[in-house]
Amino acid sequence: LKATIRAFLKRLKTGILVFFNKIKLKAKKPKITLSTVIVHIVAWLIATIWLIPFLGVLVASLRPFSEVQFGWWNLQPFSLNFNNYIDAWTGQTTSPLSTAMLNSLIVTIPATFLPIIVSALAAYSFARFRSRTKDILFLVLVLLQTIPQQMVIVPVFTLFRDLNLINNYVGLILLHTAFGLPWQILFLRNFFSALPIEIEEAALVDGASHFKIFRRIVLPLSLPALASLVSLQFVFVWNDFFFALVTILSPSAKLAPQIIPLLLGRYELNFSLLAAGSVIVMILPVAIYVALQRYYVRGLTAGAVKG
Amino acid sequence: LVIFVLYPIFDTVYVSFLSEGRGGFVGFENYNYVLFQKVNPLINIPNLLQGVFPMGALVHNIIWICIHLPLTILLGLAFAVLLRDVKGGTIIKAIVFLGIVVPLVVGGVLFRYVYDKDAGIANAALRVMGLGPYARDFTQFRDTALFSVILGSIWIWTGFAMIAYSAGLEGIPKEMYEASAIDGATRWKTFWRITVPMLRSTTLVVVTLTILWELKIFDLVYVATRGGPGGASSVLAFDMYNEAFQANNLGTGAAIAVILTLMTFGVAAYLVNRMSKP
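The following refers to the structure shown. Numbering of residues starts from 1 in every chain and runs along the sequence as written. Naming scheme: in the order in which they are written, chains are lettered from A and ligands are numbered from 1. Only residues with pLDDT of at least 70 get local features here, since the model is predicted, and only at 80 or more are side-chain atom pairs given and counted; chain-wide, interface and lining totals rely on the full set of residues. Hydrogens are left out, water is left out, and the side-chain values use all remaining heavy atoms of the structure.

## What about the overall build of chain B?
For the record, the criterion: Comment: elements are numbered from the N terminus, with helices defined as DSSP H or I runs of at least four residues and strands as E runs of at least two. For every residue, the accessible area (1.4 Å probe, protein chains only) is compared with the maximum for its type, and the residue is labelled buried under 20%, exposed over 50%, or partly exposed between those bounds. Two residues qualify as a contact provided that any one of their heavy atoms is within 4.5 Å of a heavy atom in the partner residue. Calculation of accessible area relied on Shrake-Rupley with a 1.4 Å probe; when residues are assessed, cover is drawn exclusively from the protein chains displayed.
Assigned secondary structure in chain B consists of 14 helices and zero strands. The order of helices and strands in chain B, counted from the N terminus, is α-α-α-α-α-α-α-α-α-α-α-α-α-α. Looking at chain B as a whole, 58% of its 278 residues are labelled buried. The long-range fraction of contacts in chain B, counting pairs at least 24 apart against all pairs at least 6 apart in sequence, stands at 62%. On chain B, roughly 12100 Å² of surface is accessible, and the fraction owed to carbon and sulfur atoms is 66%.

## Overview of helix α10 (residues 210-221) of chain A
Residues and elements named next belong to chain A. Applicable threshold: In this scheme, a helix's expected span is set at 1.5 Å multiplied by one less than its residue total. As used here, the arc is the angular range of directions from the helix axis to the C-beta atoms.
In this model, α10 (12 residues) spans 15 Å end to end at C-alpha, consistent with the 16 Å of a helix rising 1.5 Å per residue. Listed as buried for α10 are Ile-213, Phe-214, Ile-217 and Val-218. The arc enclosing the buried residues of α10, seen along the axis, measures out at 125 degrees, which places them on a common side. In this structure, α10 carries Phe-211 and Arg-216 as exposed residues pointing more than 90 degrees from its buried face.

## Details of the packing of aromatic side chains
To keep it simple, the criterion reads: Centre distance within 6.5 Å is the pairing criterion for rings of Phe, Tyr and Trp, where only the six-membered ring of Trp is used; planes under 30 degrees apart are then read as stacked, over 60 as edge-to-face, and the remainder as tilted.
Applying the stated rule across the entire model yields six aromatic pairs over all chains. Arranged with centres 5.4 Å apart and planes meeting at 45 degrees, the rings of Phe54(A) and Trp155(B) form a pair that is tilted. Residue Phe54(A) is found in helix α2 (residues 34-62), and its partner Trp155(B) is found in helix α8 (residues 142-170); the two belong to separate chains. We classify Phe54(A) as buried; its relative accessible area is 8%. A residue is classified by how much of its surface remains accessible, and Trp155(B), at 6% relative accessible area, is buried. Where Phe234(A) meets Trp238(A), the ring centres are 6.1 Å apart and the plane angle is 10 degrees; that geometry is what we call stacked. Within this pair, Phe234(A) and its partner Trp238(A) are both found in helix α11 (residues 223-239), separated by four residues, close to a single helical turn.

## Topic: a nonpolar patch on the surface
Residue and element names in this part refer to chain A. To keep it simple, the criterion reads: A residue counts toward a patch only above 30% relative accessible area and without a salt bridge, and it is joined to like-charged neighbours within 9 Å or, for Val, Leu, Ile, Met, Phe, Trp and Tyr, to nonpolar neighbours within 5 Å. Salt bridge, as used here, is a side-chain nitrogen of Lys or Arg placed within 4 Å of a carboxyl oxygen of Asp or Glu.
A contiguous nonpolar surface patch, about 850 Å² in accessible area, is contributed by Leu-105, Ile-109, Phe-113, Leu-114, Ile-117, Val-118, Leu-121, Val-170, Leu-174 and Phe-211. Of all the secondary structure elements, the ones that give two or more residues to the nonpolar patch are α5 (97-128) and α8 (169-194). The dominant element in the nonpolar patch, judged by the number of residues it contributes, is α5, at seven residues. One can find Leu-121 in helix α5.

## Looking at helix α4 (residues 83-90) of chain A
Those residues of α4(A) that fall on the buried side of the exposure criterion are Asn84(A), Tyr85(A) and Ala88(A). Projected down its long axis, α4(A) shows its buried positions confined to an angular sector of 100 degrees, all on one face.

As structure tokens, then:
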């Protein structure tokens, strides 16, 4: 059995390599003309426009507020320090970001992996076993994908209140799990359906159980898809604001994104502090995006390309 | 899934027909109330006719779609085509895409900062162009708040359209371009005759997802303007939160949620319908 699989994977690999080499051969070296120069200038102009807000926040976060009050591009006087970061992290004016970041992690990690495990199992059964009820269930899933968070929040709120789940991360994690399931099942089902069924049939003939096939063959083969899901779901949950806003009310339990509006302050705006807080909160999703860029983008565009 | 999604959907519909505090059944009264009678109704007819903000959250959502949708689609497509053969295009794409990755809450902060009267770069640019008198806190005035948030959301969401179109472009076989080059087609013609039609299915999905995103927008408004001033930049999702959890009118909030969901369902149903046809 192992030999069969190995041979198949090898053939798959050479096939992919041949395919990419063909593409490489077709790409020709472009000539440099006036229009190419203009295109490049425009392209980098776009990049600058898109970078400026980030740059502003970054610069403001590193300088005292009195210096950036009339614009972060005013370089006189100029001093760099991390005081704003320290203030935001230890919570001079609001709940400290240090606990909020930790809270966010406590919610985000289980809320990332729990739905993925469930949806992997569900998607596999959707992809490999057919039945009439499944088709209907499937259609329901497609529609559920589009439900706005606002639609479920009123009953969920009353439910949580009755079950004492307000300010409790278990409720929030389950809520995120439920909300992540529809699109993840759809995504994984499409991926599983595209996997070659021959390997699984071979394993089945050799007497492996369905669960064993799933664990030993399907999961390892779908690592790229799982990476897409992990990166996307992590960023979604981390960035979520609405669910947390409604269900986590106690100040010490608040999640990182919830702190940002608090930093705005009621009367006066300390942009430097706010900027430092923003940088801290966005650093993790940005890091994930940079690290798993390929998977992240592929996951996001999977639906769009297939049509 | 059933407990957290399916049951709540039906319960929300049910609650939206009840009076405050789960009292009696009041039929469509909540709907009538949120649509036309509230202090800031979803459709503010007198203001709408005069073109004065606030026109109501529902109208704001529609304005949002009318401005945001065509601009992001065009920008996204233009960027994708433009950056396809630019050196360092992937880096630029990553930069433009960054807006999607950062929390929307942070997006709101970025824009408050850009639009700030003294510290914002938008106002500084106005001063440089000699339009100094127009400089002000754009998010704090009735007639500019909504448009400034919409502009911010375009900045954020263009990255998505661009990435989707880039992926779509890769799906177009190179042979088609070679064939059109041999036939002597101009670049402009190639773009309209090959690129745009081949991207039709991508466009369909991007349009739908964009509308859904626009309808659900909440965090951005919450941070950048708090729906203000006086509801001038309120949208459905924000209004729903305000009613249900600030004013404690769960029934009213539920009614708004149902209206919002009906709109998203309409869009989704259209997409599913179109996708099932070849």
